[in-house]
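Coordinates in review
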Amino acid sequence: MRRIRYKSGSIQSIIMLSFSLLSLAIMFVTVGVMYVKFADASQDSIIESNHKVMDQTIDSVEKYLVNMRQVSDAAYYDVIKENDILKQSDSIHDGMSLLYESNKEYLRSIALYNQYGSLIAAEPVVSQKEDPNVTKQDWFIEAMERMENIHFSTPHVQNLFDDGSMRYHLVISSSRAVELTSGSESQMGVLLVDMDYSSVSRLLERINTSGKGQYYYLCDANGNIIYHPHQIQFDGDVSENSESAAKSQNSIYDDYLNGVHRKIMVDTISYTGWKLVCVMPYSIFTNKMADVKQFVFVIMIIMAMTLVWINRVISIRISKPIMKLDDSVKRYENGNEADIYVGGSSEIRHLGYSIRNSYKQNNELMKKIVWEQNERRKSELDVLQSQINPHFLYNTLDSITWMIEGGKNEEASFMITQLAKLFRISLSKGHTIITVRDELLHAKSYMNIQKVRYKNKFEVSFEVDEEIMDYCAVKLVLQPILENALNYGIRELDDFGEIVVSGQKVGEDIIMTVSDNGMGIPEDEIPLLLTNTDRVHKKGSGVGLVNVNNRIKILFGERYGLHIASELDEGTVVTIKIPAIVYSEENRLQFEEHHIV
């Protein structure tokens, strides 16, 4: 089986390239959409996971703050409001001591101050540092200015009491304004509850152990840092956009810090207005997508290999019938006898049938052209034979001799003159195209000779318009028709014969007719006169009307030629139709060079 190879610019390579480019475009779009979907899903997964961590952390911090609030509420409502600071100071100390002992795992101290900053009671019992200037501290000021709320501070060093260990503790203070009963009078005071900061820091440290670049920090409503995993580095190059996080109206937004693109998640802790912030550098999303990229790359390779194979199969299936058809056409063009391929889809089969029929028609046309060329040669040969028909020449010369011997010198001279004209026009310098005038002169000379031979048994008249005399005509067209009229129509008549030659211009054509009142032609023989070249001519020159008809058609086309109409005992009319072309040397050369062999 012949193997079809790829060729540059071939339909197979074009289909393969087109399908491949289209497939690659679709593949890249599909893979791009997949990658975006995976990236979005991965980012959503990370955000959802961190959101859950934040929810759990907020729950834990809120529990921590609720404990602080509960300690503060118990100290105020169960201890301070139920006892007089002057008469029942021991009861206040006992109540605060009980609260401290119950919550000491996360409680650092409980202290009660009057409105002037004087210490009324504290647990555990330790000495207060000298001149701590309580009324100037933030927790005291906030409590006295906004008495209706409990206020939470940012982490700070506990600087009120000296426990003798020389240790400094980080605490988160909650302060509130309280009403103190002193005998029959009441005054305002401040209840301070210091919670151990390490409880909060441990809670947030547990969620800052991922090591993936993301971290969580805690700030108050003003953006002051409560906890930050990198807080120790804040004095150096590290900073934080905590104020933006505290004031942000969106729970998730994009942020840039030192040129690093980050995704920020913010959630609020109840009671305090504190903000838990999750910072996610975009690098964690890209790192997460590394595996997805690898997976997508493998899919792309597999898809590309599959598409190339599918495209090759499709391109071969589509182009193979076309290439087979092309090969069969090339073999035919190279002269090989090859049947045109018909196969493939309906369109290609139709194309194959069309080419096959076209070549078949071309072959038939070539055969017809060869036949026409042969007919031209035969027609020319017949014309030459008619020009020197020895039988006609012998009879004419014999008649001339008889006239001279009979002393009819004038008649003999007339015969010789007409014979000379006849041969002069028959030769016509070898030209095939002559004027209508010359063709009529030839016909008149021929009929003058025949009238002498037939002893004026017939009469011939020429009724041709002067308008067409200088138009082109084919040489020796009228003579065979007139000869046919004499031999087959007039000769057998008992009465006087009449032949009329007429001619006129009709539209763009010249119509000439030769009519006689002879015996007529049987109806079944009329078609044979113009088609059957094998008929045996019993009389006349033998040129035959068929050759005249063929010569006209070869020269001027199928719509021109002879037409015969006849009725027995009535006569025959032969019509000659040729195009109306003015005779000129240029027109003569054009027809003789391009149409005559």
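Structure first, text after, so check above.
Below is a summary of the structure that appears in this document. (Residues numbered from 1 in each chain as written. Predicted model: local features only at pLDDT ≥ 70, side-chain atom pairs only at ≥ 80, totals over all residues. Heavy atoms only, no water.)

1. Comments concerning the packing of helix 10 (residues 436-453) against helix 11 (residues 478-490)
- One way to put it is that helix 10 packs onto helix 11 with a least axis distance of 9 Å and a crossing angle of 30 degrees. Taken together, the axis directions place helix 10 and helix 11 in an arrangement best described as roughly parallel. Crossing hand, helix 10 versus helix 11: right-handed. The residues of helix 11 that touch helix 10, namely those facing Glu 439, Leu 440, His 442, Ala 443, Tyr 446, Met 447 and Gln 450, are Leu 478, Gln 479, Leu 482, Glu 483 and Leu 486.
- Taken together, the residues that form the contact of helix 10 with helix 11 break down as seven nonpolar, three polar and two charged. (Axes fitted to C-alpha atoms, helices over the stretch in contact; angles between N-to-C directions. Helix = DSSP H or I, 4+ residues; strand = E, 2+ residues; numbered from the N terminus. Parallel < 35°, antiparallel > 145°, perpendicular 65-115°, else oblique. Left-handed = near helix turned anticlockwise from the far one by under 90°. Contact = heavy atoms within 4.5 Å. Nonpolar A, V, L, I, M, F, W, Y, C, P; charged D, E, K, R; others polar.)

2. Notes on unusual backbone geometry
- For the bond running from Glu 123 to Pro 124, omega is -10 degrees, close enough to zero to count as cis.
- The topology assignment puts Pro 124 in the loop between strand 2 (119-123) and strand 3 (127-128).
- The backbone of Asn 258 shows a phi angle near 55 degrees, a positive value even though the residue is not glycine.
- In this fold, Asn 258 is placed in the loop between strand 11 (252-257) and strand 12 (260-268).
- By relative accessible area, which is 63% here, Asn 258 ends up exposed. (Buried < 20%, exposed > 50% of the residue type's maximum accessible area, 1.4 Å probe, protein only.)

3. Side note on the sheet that holds strand 12
- The five strands lie next to each other as 10-9-13-12-11, forming an open sheet whose pairing is antiparallel. Of all strands in the sheet, those bounded by a partner on one side alone are strand 10 (225-227) and strand 11. The mean angle between the axes of side-by-side strands here comes to 40 degrees, regardless of whether they run parallel or antiparallel.
- Where strand 9 (residues 215-219) and strand 10 come together, two bridges link them in antiparallel fashion. Within strand 10, the position partnered with Leu 218 by the bridge is Tyr 227. (Pairing = 2+ DSSP bridges.)

4. Description of the sheet that holds strand 18 (residues 509-516)
- Taken in spatial order, the five strands of this open sheet run 15-17-18-20-19, and their pairing is mixed. On the outer flanks of this sheet lie strand 15 (458-464) and strand 19 (561-567), each paired with one strand and no other. Taking each pair of neighbouring strands and ignoring which way they run, the sheet shows an average axis angle of 10 degrees.
- The pairing of strand 19 with strand 20 (residues 571-579) spans seven bridges and is classified as antiparallel. The residue bridging Leu 562 from the neighbouring strand is Ile 576, located in strand 20.
- Along the sheet face, helix 11 touches strand 15, strand 17 (497-506), strand 18, strand 19 and strand 20 and points at about 150 degrees away from the line of strand 17.

Functional significance is not addressed by these values, which are geometric in nature.
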